[in-house]
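# Architecture and fold: a report
Each chain, written out:
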Amino acid sequence: MDYDLLVIGAGPGGYHAAIRAAQLGLKTAVAEMGNVGGVCLNIGCIPTKALLHAGEEIRSSKHASDFGLTFGEMRLDIAKLNGWKDGIVKKLTGGVSTLFKANKITHLVGRARFVDAHTVQVGDQKVTAKNIIIATGSEPAALPAFPVDQQAIVDSTGALVVPDPVPGRMLAIGAGAIGLEFAQVYNNLGTRVKVIEFAPQIVPAADADASKELAKSLKKQGIEIEVATKANGFERKSDGLHVELEDVKTGQKRIEVFDRVLVAVGRRPRSADLGLEAVGVKVSERGFIGVNKQMQTSVPHIYAIGDVVGNPMLAHKAMKEGLVAAEVIAGKKSEMDVVGIPSVVYTTPELASVGLTEAEAKERGFKVKIGNFPLSASGRAMTLGDTDGFVKMVADADSDLLLGVHIVAPHGSDLLGEAGLALEMAATVTDVALTIHAHPTLAESILEAAENVHKQAIHILNR
Ligand SMILES: Cc1cc2nc3c(=O)[nH]c(=O)nc-3n(C[C@H](O)[C@H](O)[C@H](O)COP(=O)(O)OP(=O)(O)OC[C@H]3O[C@@H](n4cnc5c(N)ncnc54)[C@H](O)[C@@H]3O)c2cc1C
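Quick caveat: nothing in here was measured; it's all calculated off a predicted structure. (Residues numbered from 1 in each chain as written. Predicted model: local features only at pLDDT ≥ 70, side-chain atom pairs only at ≥ 80, totals over all residues. Heavy atoms only, no water.)

## Observations concerning the overall build of the protein
The condition is simple: Secondary structure follows DSSP: runs of H or I at least 4 residues long count as helices, runs of E at least 2 residues long count as strands, and numbering of each begins at the N terminus. The globule rule used here is 2.2 Å times the number of residues to the 0.38 power, and the radius of gyration it is set against is calculated over C-alpha atoms. Burial classes: relative accessible area under 20% of the type maximum marks a residue as buried, over 50% as exposed, and values in between as partly exposed (1.4 Å probe, protein chains only).
Across its full length, the protein holds 14 helices and 22 strands. Rg of the C-alpha trace for the protein: 23 Å, near the compact-globule value of 23 Å for 463 residues, within the 12% margin. For the protein, the C-alpha atoms occupy an extent of roughly 65 × 65 × 45 Å along the three principal directions. Taken across its 463 residues, the protein has 52% of its residues classed as buried.

## Re the domain arrangement of the protein
For the record, the criterion: What marks off one domain from the next here is an automatic or database domain assignment. Throughout, a residue-residue contact means that at least one pair of heavy atoms, one from each residue, lies within 4.5 Å. Buried area is understood as the total, over both parts, of accessible area removed when two parts are fitted together, assessed with a 1.4 Å probe.
As far as domains go, the protein holds domain 1 (3–140 + 268–330), domain 2 (153–265) and domain 3 (343–454). Distance between the C-alpha centres of domain 1 and domain 2: 27 Å. Across the boundary between the two partners, domain 1 contributes 17 residues, which contact 15 residues of domain 2. Considering only the surface of domain 1 that becomes buried against domain 2, Leu51, Leu52 and Ile78 emerge as the three largest contributors, covering 34% of it.

## Quick word on the sheet that holds strand β8 (residues 153–154)
We apply this condition: The criterion for strand pairing is that DSSP finds at least two bridges linking the strands in question. A fitted line through C-alpha atoms represents every axis, and for helices the fit uses only the stretch in contact; the resulting angles, taken between N-to-C directions, go from 0 to 180 degrees.
Within the open sheet, the 5 strands sit side by side as β8-β15-β9-β10-β11. Their pairing is parallel. Both outer strands of the open sheet, β8 and β11 (224–226), are each paired with one neighbouring strand and no more. One ladder, built from 2 bridges, connects β8 with strand β15 (residues 260–263); its direction is parallel. Bridge pairing in β15 places Val154 opposite Leu262. Sheet contacts for helix α6 (residues 177–189): β9 (169–173), β10 (192–196) and β15; angle to β10, the most-contacted strand, approximately 165 degrees.

## Regarding the UniProt feature "active site" (unreviewed entry) in the protein
As a reminder of what qualifies: UniProt positions are given in the numbering used here, feature names are shortened, and annotations may be inferred rather than shown by experiment. Counted as a polar contact is a pair of N or O atoms within 3.5 Å, where, for protein atoms, one must be capable of donating a hydrogen and the other of accepting one, and residues adjacent in sequence contribute only when both atoms are in side chains.
The feature "active site" (unreviewed entry), as given by UniProt, occupies His439 in the numbering adopted here. Topologically, His439 is positioned in the loop between α13 (429–434) and α14 (444–453). Relative accessible area serves as the criterion here: at 61%, His439 is assigned to the exposed category. Polar side-chain contacts of His439 include one of 2.6 Å to the side chain of Glu444.

## A closer look at the environment of Ile223
Looking at the secondary structure, you find Ile223 in the loop between α7 (208–220) and β11. Assessed through its relative accessible area of 2%, Ile223 is described here as buried. Sequence separation of Ile223 and Ala175 is 48 residues, and the distance between their C-alpha atoms is 12 Å. In contact with Ile223, other than residues within four places in its own chain, are Ala183, Gln184, Asn187, Val193, Val195 and Leu218.

## Section: the packing of aromatic side chains
We count it as follows: Planes of paired rings set the category: under 30 degrees apart is stacked, over 60 is edge-to-face and the rest tilted, where pairs are Phe, Tyr or Trp rings (Trp by its six-membered ring) whose centres lie within 6.5 Å. Criterion for a charge above a ring: Arg CZ or Lys NZ at most 6 Å from the ring centre, at most 35 degrees from the ring normal.
For the structure on display, the rule yields 1 aromatic pair. Relative to Phe234, the ring of Phe146 has its centre 5.4 Å away and its plane inclined at 20 degrees; by these criteria the two rings are stacked. Here Phe146, found in the loop between β7 (138–140) and β8, pairs with Phe234, found in strand β12 (residues 229–237); they are 88 residues apart in sequence, far enough to count as distant. Note on Phe146: relative accessible area 1%, which makes it buried. Over the face of the ring belonging to Tyr3 we find Lys27, whose NZ or CZ atom lies 5.1 Å from the ring centre.

## Notes on unusual backbone geometry
A cis amide bond links Asp164 to the next residue, Pro165, at an omega of 0 degrees. Note that Pro165 resides in the loop between α5 (156–159) and β9. Between Asn311 and the following residue, Pro312, the backbone shows a cis peptide bond with an omega angle of -10 degrees. You can see Pro312 is positioned in the loop between β17 (302–304) and α9 (315–329). Positive phi values are uncommon outside glycine, yet Met295 reaches one of about 70 degrees. Backbone geometry at Ala426 places phi at a positive 55 degrees, although glycine is not the residue there. Summarising the element assignment, Ala426 is placed in the loop between α12 (412–424) and α13.

## Side note on the sheet that holds strand β13 (residues 240–247)
To summarise the sheet geometry, strands pair through backbone hydrogen bonds and adopt either a parallel or an antiparallel arrangement. Spatially, the 3 strands line up as an open sheet ordered β12-β13-β14, and their pairing is antiparallel. Each having just a single partner strand, β12 and β14 (253–258) make up the two edges of the open sheet. Taking each pair of neighbouring strands and ignoring which way they run, the sheet shows an average axis angle of 25 degrees. The pairing of β13 with β14 spans 6 bridges and is classified as antiparallel. When the sheet's bridge partners are listed, Glu246 is paired in β14 with Lys253.

## A closer look at the UniProt feature "binding site: FAD" (unreviewed entry) in the protein
Mapped onto this numbering, the UniProt entry gives "binding site: FAD" (unreviewed entry) at Lys49, Thr136, Gly137, Ser138, Asp307, Met313, Leu314, Ala315 and His316. In sequence the annotated residues extend across 268 residues, and in space they extend as well, their farthest C-alpha pair lying 22.7 Å apart. With respect to the helices and strands, Lys49 occurs in helix α3 (residues 45–63). What makes Lys49 partly exposed here is its relative accessible area of 26%.

## Quick notes on α14
In terms of burial, α14 is a largely internal element, 10 of the 10 residues being buried. Within the sequence span of α14, burial applies to Glu444, Ser445, Ile446, Leu447, Glu448, Ala449, Ala450, Glu451, Asn452 and Val453. For α14, the elements touching its buried residues are β20 (368–374), β21 (390–396), β22 (402–409), α12 and α13. Among the residues trailing α14, Lys455 stands out with phi positive, at a value near 60 degrees.

## Focus on the site of the ligand
Convention followed: Throughout, near means a residue has at least one heavy atom within 4 Å of the molecule or strand.
Not every one of the 40 residues close to the ligand is listed here, only the nearest: Glu32, Lys49, Ala112, Asp307 and Ala315. Within the backbone of Pro12, one N or O atom sits 3.4 Å away from an oxygen atom of the ligand. Within the backbone of Met313, a nitrogen or oxygen atom sits 3.3 Å from an oxygen atom of the ligand. By residue number, the principal contributor to the shell around the ligand is helix α2 (residues 38–43), which donates 4 residues.

See the structure below:
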């Protein structure tokens, strides 16, 4: 055997698995057909966050007049913006390559395909390994009526290259994290943006109150949002793309004109063309590879992690699964057993949540108690000039156990770490309420939401 472990794919899942395996003494190789870092570093998490930050600076500079600060006319150098974003990506992907070298991981360049259960063809070479981890990720799901040309009709990858000038009017189809994040980027850059969502609320998987709170704030910023709406197709005319929109409930149709359409309706696992049938690895109808808690597929020495095994398709989930798979292969007792996987929409305000939503907790039969704390009552939020949002806490009335935390707040993602730890440690609401939080901080909103579960918050009336 050439290697103890061959990892297919160098995205967040794959590179975490490879580095942990090397740390544990396994002779490890990674096969990657594109850039190391995968979707997240190259065309996902990182470049979107860079654009969101730039857009946010524009938005907040406009509000600086509230405290007496005005600037001259804003000038935006779009080439420089794209270049800055690309520079961050390059630095981070270069960092992954350096980590591979430092950990003595062999980086094989090329598309990988199974020959037999221990042999993989990578480009023009055959590689054998005792264990194999499939970490091939996902790609944007297509909408047949809107074929992507990365000009007028773009997916998330096309939307990452900001055109000069920015589009006048853009339609984002899909109000998940990706659709909303791009909607806010372009809205801040000066595009008139409409987001439509088939489901009855934006971020369909989110807590209903949190979704409503985010929608309210985004609308206030000028983003048009229509839920229970679908796009049927379009016609290219001289004045733009004439898109047919349909109200899902009434069936009423209308035409609206846009310069650009972003298709952000979800992602598909990349499990085809790997030769999985030949080795007996089972794949679901939708293309997800089935795994157990040790991340083993139906063939025990072949593991799968990340987007290719299923939802939620998030980088930190892929990373954790990568660590678990590597540790299991190295003979350690490890399994994917987590209380909650945090999830964040990186708009301003951010929607950051972990654990059960109120509806999920009720479905599971908990006697639910809720605590709320609005940011409008937070001193720190006022000093930041950003008081949209709240912290909502879902708890079990019988045991006082914390079940879920849903944050809509600037930098909500950074507040989420505390909530995630509390859930993992099986904290009660009282544990959170007894913890001294620094003042003034946004994190105090978590403390006060906990106090509000017990109807004892100090800065609001506990109704
Ligand atoms: C626009 C956008 C924004 C996002 N923002 C966030 C965010 O803020 N936070 C978050 O948690 N998640 C975010 N995500 C999701 C995140 O990018 C994915 O969950 C994550 O990248 C999944 O990691 P992975 O290792 O499973 O696969 P991927 O990152 O998809 O990597 C798979 C790798 O495998 C390679 N590969 C595939 N097939 C083969 C083959 N046959 N041979 C060799 N190599 C192969 C690919 O080239 C790729 O590099 C975002 C996604 C998008 C599209």
